[in-house]
Amino acid sequence: MTSCNGTTEKKFVSAPTWQLEHGVRLPGCPFTAGASGGPWVIGYNATTRTGYLTGITSLTWNLSGGGRLDAVSTPYFNQLTQRVYAQASKQATD
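Undergrad: Just to check I follow, could you spell out the overall build of the protein chain for this structure?
TA: Per the secondary structure count, the protein chain includes 1 helix and 5 strands. Of the regular secondary structure in the protein chain, the N- to C-terminal order runs β-β-β-β-β-α. For the protein chain, restricting intrachain contacts to residue pairs at least 6 apart in sequence, the fraction spanning at least 24 positions comes to 37%. Approximately 7300 Å² of the protein chain is accessible, and the part contributed by carbon and sulfur atoms is 54%.

Undergrad: Looking at this structure, I do not really get the sheet that holds strand S4 (residues 59-61). What am I missing?
TA: Within a beta sheet, neighbouring strands are joined by backbone hydrogen bonds and run either parallel or antiparallel to one another. Strands sit in the order S1-S5-S4 across an open sheet of 3 strands; the sheet is antiparallel. The open sheet has two edge strands, strand S1 (23-27) and S4, and neither has a second partner. This sheet shows a mean twist of 25 degrees between the axes of neighbouring strands, independent of strand direction. Pairing analysis gives 3 bridges linking S4 to strand S5 (residues 71-75), with the strands arranged antiparallel. Following the sheet pairing, Thr60 is matched in S5 by Val72.

Undergrad: What's the story with the side chain of Thr57 in this structure? I'm lost.
TA: If you trace the backbone, Thr57 turns up in the loop between strand S3 (50-56) and S4. For Thr57, the side chain forms a polar contact with the side chain of Trp40, separated by 2.9 Å. When sequence neighbours within four positions are dropped, the list of residues in contact with Thr57 reads Ala35, Ser36, Gly37, Gly38, Trp40, Val72, Ser73 and Thr74.

Undergrad: Explain the environment of Thr2 to me, please; I cannot follow it from the model alone.
TA: Considering the arrangement of structural elements, one finds Thr2 in the segment before S1. With relative accessibility at 62%, the residue Thr2 sits in the exposed group. Expressed as a C-alpha distance, the spacing of Thr2 and Ala35, which sit 33 residues apart in the sequence, is 9.3 Å.

The rules behind these values
- Residues numbered from 1 in each chain as written.
- Predicted model: local features only at pLDDT ≥ 70, side-chain atom pairs only at ≥ 80, totals over all residues.
- Heavy atoms only, no water.
- Helix = DSSP H or I, 4+ residues; strand = E, 2+ residues; numbered from the N terminus.
- Contact = heavy atoms within 4.5 Å.
- Areas by Shrake-Rupley, 256 points an atom, 1.4 Å probe, with all protein chains shown as cover.
- Pairing = 2+ DSSP bridges.
- Axes fitted to C-alpha atoms, helices over the stretch in contact; angles between N-to-C directions.
- Polar contact = N/O pair within 3.5 Å; in protein donor to acceptor, adjacent residues only side chain to side chain.
- Buried < 20%, exposed > 50% of the residue type's maximum accessible area, 1.4 Å probe, protein only.

Structure below.
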């Protein structure tokens, strides 16, 4: 498993179909497109291996323009996300 940490930044970008105005970006993470769906966790405790999920990797970026991916971004999980999760968790699965 690979991890990356740092300070996130909110960026407004011209890509309305991706709704990036509701997301955050973490520069300095050279993940590939295969990182999509990976968890974004805050308050991680290495002993208990627990933390709080705040997003999932959705996009990778080439910020430097050098052809290498050097940032990842996620839509930020908020109260609406929690409501969707709570409703989905009530659904029966077969």
